[in-house]
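So you can see what is in the structure, the chains are spelled out below.
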Amino acid sequence: MEARKRRTAYLGPEASFSHQAAVEALPHTEAVPLPSFKAILKALEESGPDRETPYDYAILPVENSTNGSVVQALDLLAQCGLDPDTSSYPDIEVVDEHYLEVHHCLFVSRAWATEKLTEDEILSLLRYGNDDDSKTAANGPQSGETRDDRSVQAAKMGRLEHTLKELRIKTLFTHPQVWGQCNNILSALLPPGHVERVDMSSTSAAAAYVAGTSSESHAGIAAISSSLAGVKHSKELICIASNIEDEPGANTTRLLVLRNRSRNENTPLLSAEAARENPRVKSLWTFTIAHHIPGSLATTLAVFAKHDFNLSAIQSRPRPRSRSADPQTVSPTSHRNQDRNWQYVFFVECLHSTMLEDLGSVKAEPLNLLQDLKSVTEQVSLLGSWIDRLS
Ligand SMILES: O=C(O)C(=O)C[C@]1(C(=O)O)C=C[C@@H](O)C=C1
C-alpha cells in the first residue's frame, strides 16, 4: 500500500506567509490551508490515532522581529497543555521552530490601475515591483548609504507618492500583524486619518479580496501581502511597491511547528545525529501562579535556574477564563470578576543543553523540572522542546 503523504495545516488561503513557512519547514508534507489559527489547532487536536486523514503537523506564527508577539496565536497556545480539565488542546505539542524572512508588497487591482495610470506608469510599475533597488524606497536612508543612494530613494518615494495619489487609495486590507511591520511607509504615505485599515484573516485573504473585486468595488483599495500572493493573482493584481516593511532584510517571523502527541507517542523528535550537531535545545512553558503571594513569580523563575534552564524570553497574557481559578474558591469578600479579569498566564522560553540523550531517543521532557514547578505554580505545562534553529 502506498504510504500516505503527511499533511501540514497552515493559515490560508494559499500564498500566505504561513504557507511559505510550511513549505520551507516541512517540504515533504502536503500543506493544507485552514481559515483561522483556531481552526488549525482544533483540526490538529482532532487528529488522533483514529483519524483517517489527519493533520500530522501545523505551523503557527508566534512573533515578529519588528512587531513583537502574535497575540492571537499565544492566546491559543495558552489553552494547550496536558491537563484535559483545563486545556482545550491537551494533545498539542511544539516540536520545532522556523524563522521566515517576511517582505511585504502593496497591491491594487490591475483594472483600477489601468483606469487611473498612464501606460508608461504601468510599465514602470511592473519593473519597479521587481526592482531590487526598491528595497529601501519606502524606508528612508539606511546607515552606510551615500547621498546618491538617498536621492534615488527620494525619487522613488516621490514616484510612489504620486502613484498612490493617482490611485486615490482610501482603504487598506491586510492581517493585523502587518500594520506594525510597515509602520514607516503607512504613516508617511497612507496615514490612518486618511486611509481606513481593514483587518483580514491573513495577508493572502487580503490579496484574494482585492483580486476578486469588481469594477464597482475596486476603486481606491489596496492589499498588503506577499509577493507569492502577487504571483497567484497576477492577472488581477499589480504590485505598486515591494519590500515596504520597516526593516527590509531584517523583518523575520518565527513560527512554531506543532503536532498531536497522541498520534506520535513513540516517534523520536529528532535523530541522535541531528541533536548532536546542534545541541542547544529550547523549551516552552506556560504557568499560572498565586498572584496574592508576594514573590511567587520570582520563586517560580528560580526553579528554572536551579535546573540550569536559561530563560531566553518571558511574557504574559491575560488568563483565559477557562483556566482561571474556580469561582467557588474565590473569597466571597473579593471583587470576584475583577480578580478573575486581572490574572495572567506566563510564557517562558528556555535554552538548555541538558537533554541531548532524551532528544536522541524518545521524548524531550525535563520531568524533574516539571515536577518541581508543580509545587510552586497553580498550573504548569511544558508545551514542547525542540532544537534551537538560531544556533
Ligand atoms: O497573514 C499571513 O500571511 C500569515 O501567515 C500570518 C502572519 C502572522 O500572523 O504573523 C505571518 C507572518 C507575517 O508576520 C504576517 C502575518
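Residues numbered from 1 in each chain as written. Predicted model: local features only at pLDDT ≥ 70, side-chain atom pairs only at ≥ 80, totals over all residues. Heavy atoms only, no water.

- The protein is annotated in an unreviewed UniProt entry as prephenate dehydratase from Lithohypha guttulata.
- Check the Pathway (unreviewed entry) section of the UniProt entry for the protein; it says "Amino-acid biosynthesis; L-phenylalanine biosynthesis; phenylpyruvate from prephenate: step 1/1." (UniProt positions renumbered as here; feature names shortened; annotations may be inferred.)

Remarks on empty space enclosed by the protein
So, step 1. One pass over the structure, following the stated rule, counts two cavities of 30 Å³ or more.
So, step 2. Mapped onto the lining of the largest cavity, the elements with two or more residues apiece are α1 (17-25), β3 (57-64), α7 (176-179) and β11 (252-260).
So, step 3. Considered class by class, the residues forming the lining of the largest cavity number nine nonpolar, ten polar and no charged.
So, step 4. Both domains that meet at the lining of the largest cavity, namely domain 1 (1-101 + 251-266) and domain 2 (105-242), each give it at least three residues. (1 Å grid on protein atoms, 1.4 Å probe; cavity = no way out; pocket = protein on both sides within 12 Å on 5 of 7 lines; lining within 4 Å. Points joined across faces, edges and corners; volume = space filled by probe spheres on them. Helix = DSSP H or I, 4+ residues; strand = E, 2+ residues; numbered from the N terminus. Nonpolar A, V, L, I, M, F, W, Y, C, P; charged D, E, K, R; others polar. Domains from an automatic or database assignment.)

Some details on the site of the ligand
So, step 1. Of all residues adjacent to the ligand, which total 14 residues, the nearest are F17, S18, Q181, T203 and T253.
So, step 2. T253 is positioned with one of its side-chain polar atoms (N or O) 2.8 Å from an oxygen atom of the ligand.
So, step 3. When the free accessible area of the ligand is taken as 360 Å², the share hidden by the protein chains comes to 100%.
So, step 4. The pocket occupied by the ligand, as judged from atoms lying within 2 Å of grid points, is the largest cavity.
So, step 5. Of all the secondary-structure elements, those providing two or more residues to the shell around the ligand are α1 and α7.
So, step 6. For the shell around the ligand, the per-class residue count stands at six nonpolar, eight polar and no charged.
So, step 7. Formed jointly, the shell around the ligand draws a minimum of three residues from each of two domains, domain 1 (1-101 + 251-266) and domain 2 (105-242). (Near = heavy atom within 4 Å. Polar contact = N/O pair within 3.5 Å; in protein donor to acceptor, adjacent residues only side chain to side chain. Areas by Shrake-Rupley, 256 points an atom, 1.4 Å probe, with all protein chains shown as cover. Sits in = over half its atoms within 2 Å of the grid points.)

With respect to unusual backbone geometry
So, step 1. The residue after G12, namely P13, is reached through a cis peptide bond having omega 0°.
So, step 2. Mapped onto the elements of the fold, P13 is located in the loop between β1 (7-11) and α1.
So, step 3. Notably, A15 is not glycine yet its phi reads approximately 80°, a positive angle.
So, step 4. Within the secondary structure, A15 is located in the loop between β1 and α1.
So, step 5. Under the relative-accessibility criterion, A15 is labelled buried at 4%.
So, step 6. For D308, which is not glycine, the phi torsion reads 65° and is therefore positive.
So, step 7. Here D308 lies in the loop between α12 (296-306) and β13 (310-318). (Buried < 20%, exposed > 50% of the residue type's maximum accessible area, 1.4 Å probe, protein only.)

Description of the nonpolar core
So, step 1. Of all hydrophobic cores here, the largest spans 30 residues; its most connected members are F37, I40, L41, L77, L256, L258 and L284.
So, step 2. In this structure, this core is formed jointly by two domains, domain 1 (1-101 + 251-266) and domain 3 (268-331 + 341-391), each of which donates at least three residues.
So, step 3. Not counting residues up to four positions away in its chain, the partners in contact with L256 are A58, I59, L60, V62, L77, V94, D96, E97, L284 and W386. (Core = buried A, V, L, I, M, F, W, Y, C linked by side-chain atoms within 4.5 Å. Contact = heavy atoms within 4.5 Å.)

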